[in-house]
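# A closer look at the structure
The residues making up each chain are set out below.
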Amino acid sequence: MTRTAGKGSVTRTYWAAGTAVGLALLFAVGATVATAGGADSTPEASRTPGLYSADAGFARDMAVHHQQAVEMSFVVRDRTKDEPVRVLAYDIANTQANQRGMLLGWLDMWGLPKVVADEPPMSWMGAGGAAHGMEGHAMGGAGAATKPGALMPGMATKEDLARLGSAEGRDAEVLYLRLMTEHHKGGVAMAQGCADACGNPAERALAQGMVEAQQSELQLMADMLKQRGADPLAAE
């Protein structure tokens, strides 16, 4: 098939995505300083979130969500020699591994568990939100649909991961880009939920950085799929 996106277009999009990723990491570094009590001494910043708060729920869920993105990115790096896909996969793995460390570090600092047995995934994202530290245990799940067999919106199933692990070359590239497109859509919705509802300003800033970086990468991945003569539809 004819490739519809020119090299220059993809390069410009990739530069924008890289800039957004860098900003997200800067948010993360600043967030740690602020939460530790250096840059932000407001009551919101110093308050320890509740066990079922949006802050804690987002940290737990996004840590799991990020871990799968890291896993898929390392898998595709071994399944293709295509440099743009390998660079994108490395950047996603590196960025999300660092952000995951931030989220888990906050849970440790707050004295909260990384897993809560009676907490369904996304329960902190209710229809009315879990604004500014309000308890969210009784809320319903997030509005976004979750694929059968997946834990949260956007996440791949075991079957998806097995297919990625056995694909090679262009097939691996296209499958990864499609799976990561859906993964980012779920991640953006989750991060926007925290940006709107989390009580800790440092965590809200990190979540907003995630939204901006992943939205930019969504455009990049759409361009990369066009280059490969594929559409961005989710892998079935």
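Read on for a plain summary of the structure.

The rules behind each value
Residues numbered from 1 in each chain as written. Predicted model: local features only at pLDDT ≥ 70, side-chain atom pairs only at ≥ 80, totals over all residues. Heavy atoms only, no water. Axes fitted to C-alpha atoms, helices over the stretch in contact; angles between N-to-C directions. Helix = DSSP H or I, 4+ residues; strand = E, 2+ residues; numbered from the N terminus. Parallel < 35°, antiparallel > 145°, perpendicular 65-115°, else oblique. Left-handed = near helix turned anticlockwise from the far one by under 90°. Contact = heavy atoms within 4.5 Å. Nonpolar A, V, L, I, M, F, W, Y, C, P; charged D, E, K, R; others polar. Phe/Tyr/Trp six-rings, centres within 6.5 Å; stacked < 30°, edge-to-face > 60°. Buried < 20%, exposed > 50% of the residue type's maximum accessible area, 1.4 Å probe, protein only. Disulfide = S-S within 2.5 Å. Salt bridge = Lys/Arg side-chain N within 4 Å of Asp/Glu carboxyl O.

### Remarks on the packing of helix H3 (residues 54–77) against helix H5 (residues 158–166)
For the pair H3 and H5, the least separation of the axes is 9 Å and the interaxial angle reads 20 degrees. Taken together, the axis directions place H3 and H5 in an arrangement best described as roughly parallel. Handedness of the H3/H5 crossing: left-handed. In contact with Gln-68, Glu-71, Met-72, Val-75 and Val-76 of H3, H5 contributes Leu-161, Leu-164 and Gly-165. The residue inventory of the contact of H3 with H5, partitioned by class, reads five nonpolar, two polar and one charged.

### Looking at the packing of aromatic side chains
The description of an aromatic ring pair uses the distance of the two centres, along with the angle that the planes make with each other. Taken as a whole, this structure holds two aromatic pairs when the rule is applied. Pairing Phe-58 with Trp-124 gives two aromatic rings, centres 5.7 Å apart and planes at 80 degrees, and the pair type is edge-to-face. Pair noted here: Phe-58 is in helix H3 and Trp-124 is in the loop between helix H4 (83–110) and H5, with a separation of 66 residues, a long-range link. Of the two residues, Phe-58 and Trp-124, both sit in the buried class. With a centroid separation of 6.2 Å and an interplanar angle of 10 degrees, the aromatic rings of Trp-106 and Trp-110 are classed as stacked. Here Trp-110 and Trp-106 lie together in helix H4, a separation of four residues that amounts to about one turn.

### With respect to the state of the cysteines
Within the structure shown, the criterion is met by one disulfide. The disulfide partner of Cys-194 is Cys-198, and the gap between their sulfur atoms is 2.2 Å. Handedness of the Cys-194-Cys-198 disulfide follows from its S-S torsion of about -120 degrees: it is left-handed. Comparing Cys-194 with Cys-198 shows no difference in burial state: the two are buried.

### As for the pattern of salt bridges
Per the stated rule, a full pass over the model turns up nine salt bridges. A salt bridge links Asp-108 to Lys-114; the shortest N-O distance between them is 2.5 Å. For Lys-114, a relative accessible area of 37% gives the class partly exposed. Residue Glu-182 pairs with Lys-185 through a salt bridge whose shortest N-O separation is 3.5 Å. Of this pair, Glu-182 and Lys-185 are both found in helix H6 (residues 169–197), three residues apart, which corresponds to roughly one turn of the helix. Taking the relative accessible area as the measure of exposure, Lys-185 reaches 45% and is therefore partly exposed. Residues participating in the shared-partner salt-bridge network are Asp-82, Glu-173 and Arg-228.

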